[in-house]
Amino acid sequence: MIHPERIQRLNEHKARRENFVLYWMQQSQRTTCNHALAHAIDLANGLSLPVIVYFGLTPLYPGANARHYTFLLQGLTVVRDALLRHGIPFIVRIEDPATGVVEMARDAALAVTDRGYTRIQRTWRAEAARNMGCPLVQVESDVVVPVETASSKEEYTAATLRPKLKQQRDRFLVPLEEREIENRLGTGPDSLDVSDSEKVLARLGVDERVPAVNWISGGQDEAEKWLEKFIKEKLKYYDTLRNDPSKDYLSHLSPYLHFGHISPLRIALRVMSSGHTARHAFLEELIVRRELAMNFVHYNNMYDRYDSLPAWALKTLEEHAADRREYEYRRKELEEARTHDPYWNAAQRELLVKGKMHGYMRMYWGKKIIEWSASPRKAFDAALYLNDRYSLDGCDPNGYAGVAWCFGKHDRPWREREIFGTVRYMNARGLERKFDIRAYARAVEEECGSGAGDRR
Ligand SMILES: Cc1cc2nc3c(=O)[nH]c(=O)nc-3n(C[C@H](O)[C@H](O)[C@H](O)COP(=O)(O)OP(=O)(O)OC[C@H]3O[C@@H](n4cnc5c(N)ncnc54)[C@H](O)[C@@H]3O)c2cc1C
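Residues numbered from 1 in each chain as written. Predicted model: local features only at pLDDT ≥ 70, side-chain atom pairs only at ≥ 80, totals over all residues. Heavy atoms only, no water.

The element strand S5 (residues 108-113) is extensively covered by neighbouring structure, given that 6 of its 6 residues are classed as buried. Summarising the sheet, strand S2 (residues 20-24) and S5 pair through 5 bridges and their orientation is parallel. Looking at S5, one finds that Tyr-23 is bridged to Val-112. As paired strands, S5 and strand S6 (residues 136-139) are joined by 3 bridges and run parallel to one another. (Buried < 20%, exposed > 50% of the residue type's maximum accessible area, 1.4 Å probe, protein only. Helix = DSSP H or I, 4+ residues; strand = E, 2+ residues; numbered from the N terminus. Pairing = 2+ DSSP bridges.)

Right under this line is the structure:
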């Protein structure tokens, strides 16, 4: 069943007597547990038409580089093969998606799309809905509770969103039955060969200075493997050990969630069925924290700017903007992990080389950027730049909320101190007290080396 709250019409056009139903895949880059694909198949079967799936591959995605595009192409290759097995052609073209989809929809009875929350994704959909000659229907599949159903406004903290989600959650925690298309197609219009990633990267002309990583690869099959490994080996320790950077009890599902290679609904249902008591701690992160980030990005159009911070945080940070900094680093020094702090450098090295930093270190990392930057505004921009450039899961609502959290978003005022004002502070002594943080730094050095990670 697809809840009606997941479905929204984006224009007023009437369905036409045409040749196929178009699914414009953009956010939910998968064939399993994809409500938008399921809805497109339902509509096509109702009209006795085939489905064609289109993906517009833009070379201009802000902040994206070879690391991100490689992961994305790995995922699209799996999607192509899975769709073809089901008689659904997959057309990928290098072009602006909002323009490309209008062209693709020229002979379509109607078009369905999925839902991402960032500004660029929203802009694409609005532009396509305006210019398309057929209906464009949006189906939300990358949150458990649709964002407007969860709340009609920007929430202050997890504490204000949690009870609202709790009220709705069980209603949406139901499996999606996979559909079969009745009118299969063997081939469709010409498509880019997404499996030849070297060639595609060259054609895209993307920034190759941030290279692909080799410890994790994209695709819905890989996402399932990481999920099963997490449930088998780590979930039972998640509530007690997830914060310890010297141990690895995280799921590593964030890159897959970011690219839509797996649905949060699928993860939640699988984790719930495991029966482990630690599932509650995991679902808090996956549903409450993640959907708080979606709420932020959906309702606050300034989500990637310093000015999106709550008034109390802006006031206190500005009051302390001129405080003396014991250490001050420029963005380049931060980027190259050249600070006096071995733990911070280790975290930055993880980011540079692996494209993923331990979740607890992400908080420490962001806090220290505030402490060591010439101003809080410069700190905000540096943190976001580094996060988006090097994280496989960067440019994501979670990243915008995560960086903003370091500056007081979704948090409350604490004891006043220099530079931070009343924004929460973190220090190295805390890391040393709680964890074997030297073991973490040693492990990163072994895996990622200790020099500058960027190839420049
Ligand atoms: C400064 C900073 C920057 C961040 N940047 C990003 C980013 O670019 N992309 C990103 O996906 N997350 C980001 N986060 C949030 C969080 O750190 C990551 O989601 C998490 O580390 C991802 O690793 P995992 O999937 O192994 O986590 P797990 O602990 O296994 O969590 C499972 C899933 O729950 C969700 N989740 C976990 N922690 C959080 C959290 N604090 N907030 C929201 N959702 C959460 C994620 O979807 C995650 O994939 C950032 C946090 C901070 C403090």
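Text resumes after the structure shown.
Okay, the sheet that holds S5 next. Strands sit in the order S1-S6-S5-S2-S3-S4 across an open sheet of 6 strands; the sheet is mixed. This sheet does not close on itself; its edge strands, each paired only once, are strand S1 (7-9) and strand S4 (90-94). Geometrically, the sheet is characterised by an average inter-axis angle of 25° between neighbouring strands, direction not taken into account. By the bridge criterion, 4 bridges tie S2 to strand S3 (residues 51-57) in an arrangement that is parallel. Bridge pairing in S3 links Trp-24 to Tyr-54. Packed on one face of the sheet, helix H2 (residues 66-85) meets S3 and S4 and runs near 170° to S3. (Axes fitted to C-alpha atoms, helices over the stretch in contact; angles between N-to-C directions. Contact = heavy atoms within 4.5 Å.)

The next thing to look at is helix H18 (residues 397-406). Burial of H18 is extensive: 8 of the 10 residues sit out of reach of the surface. Within H18, the full set of buried residues consists of Pro-397, Gly-399, Tyr-400, Ala-401, Val-403, Ala-404, Trp-405 and Cys-406. Considering only its buried residues, H18 is in contact with helix H12 (279-299), helix H16 (359-372) and helix H17 (376-390). Among the residues of H18, the N-terminal cap falls to Asp-396, whose side-chain oxygen and the backbone nitrogen of Asn-398 are separated by 2.8 Å. Remark: Gly-408 follows H18 within two positions and exhibits a positive phi of approximately 110°. (Polar contact = N/O pair within 3.5 Å; in protein donor to acceptor, adjacent residues only side chain to side chain.)

This brings us to the confidence of the model for the protein. Confidence in the prediction for the protein averages 96 pLDDT; 99% of positions are at 70 or higher. Confidence drops under pLDDT 50 across residues 452-456; counting only partners more than four residues distant or on other chains, this segment forms 17 contacts. (pLDDT = per-residue confidence, 0-100.)

Phi at His-252 is positive, roughly 60°, even though this residue is not glycine. With respect to the helices and strands, His-252 occurs in the loop between helix H9 (238-241) and helix H10 (254-258). Here the phi dihedral of Cys-395 falls at roughly 55°; this positive angle occurs in a residue that is not glycine.

Glancing now at the side chain of Gln-220. Among the structural elements, Gln-220 can be located in helix H8 (residues 220-234). A relative accessible area of 7% places Gln-220 in the buried class. In this structure Gln-220 touches Gln-29, Arg-30, Thr-31, Thr-32, Val-78, Val-79, Ala-82 and His-261, once residues within four positions along its chain are discounted.

Let us now look at the pattern of salt bridges. Within the structure shown, the criterion is met by 33 salt bridges. The partner of Glu-228 in a salt bridge is Arg-270, and the shortest N-O contact between them spans 2.8 Å. Taken together, the positions of Glu-228 in helix H8 and Arg-270 in helix H11 (residues 264-274) put the pair 42 residues apart, joining distant regions of the chain. Since its relative accessible area comes to 30%, Glu-228 is described here as partly exposed. Linking Lys-229 and Glu-233 is a salt bridge whose minimum nitrogen-to-oxygen distance equals 3.1 Å. A residue pair is termed a helical-turn pair when its members lie 3 or 4 positions apart in one helix, as Lys-229 and Glu-233 do in helix H8 at 4 residues. One connected set of salt bridges, linked through shared partners, spans Asp-207, Arg-209, Glu-335 and Arg-389. (Salt bridge = Lys/Arg side-chain N within 4 Å of Asp/Glu carboxyl O.)

Take the site of the ligand next. Not every one of the 24 residues close to the ligand is listed here, only the nearest: Tyr-238, Ser-251, His-252, Lys-356 and Asn-387. Interatomic distance of 2.9 Å between a side-chain N/O atom of Asn-387 and an oxygen atom of the ligand. A distance of 3.2 Å separates a nitrogen atom of the ligand from a polar atom in the side chain of Asn-398. Here the ligand has 820 Å² of accessible area as a free molecule, and 91% of this is covered by the chains. Every element with two or more residues in the shell around the ligand is listed here: H10, H12, H16 and H18. The class makeup of the residues in the shell around the ligand is 9 nonpolar, 9 polar and 6 charged. Each of two domains, domain 2 (143-174 + 220-299) and domain 3 (306-448), supplies a minimum of three residues to the shell around the ligand. (Near = heavy atom within 4 Å. Areas by Shrake-Rupley, 256 points an atom, 1.4 Å probe, with all protein chains shown as cover. Nonpolar A, V, L, I, M, F, W, Y, C, P; charged D, E, K, R; others polar. Domains from an automatic or database assignment.)

Val-51, Val-53, Leu-57, Phe-90 and Ile-267 are the most contacted members of the largest nonpolar core, which totals 76 residues. Top element by residues in this core is H2. It accounts for 8 residues. A domain split of this core shows at least three residues from each of domain 1 (1-141) and domain 2 (143-174 + 220-299). Leu-57 has contacts with Tyr-69, Leu-72, Leu-73, Val-92, Arg-93, Ile-94, Glu-95, Leu-192, Val-200 and Leu-204, leaving out every residue within four places of it along the chain. Core analysis: the second largest hydrophobic core is formed by 56 residues, Tyr-303, Ala-346, Cys-395 and Ile-437 among them. (Core = buried A, V, L, I, M, F, W, Y, C linked by side-chain atoms within 4.5 Å.)

This brings us to the domain arrangement of the protein. Considered domain by domain, the protein is made up of domain 1 (1-141), domain 2 (143-174 + 220-299) and domain 3 (306-448). On a C-alpha basis, the centroid separation for the pair domain 1 and domain 3 is 36 Å. Taken residue by residue, the interface counts 9 residues in domain 1 and 12 residues in domain 3. With both chains or domains summed, domain 1 and domain 3 bury close to 700 Å², and 58% of this area falls on carbon and sulfur atoms. Considering only the surface of domain 1 that becomes buried against domain 3, Arg-67, His-68 and Thr-118 emerge as the three largest contributors, covering 63% of it. Between domain 1 and domain 3 we count 0 salt bridges in total. Here domain 1 and domain 3 share 5 residue pairs in polar contact (both at pLDDT 80 or more) between them. In the side of domain 1 that touches domain 3, the residues fall into 4 nonpolar, 4 polar and 1 charged. (Buried area = accessible area lost by both parts, 1.4 Å probe.)

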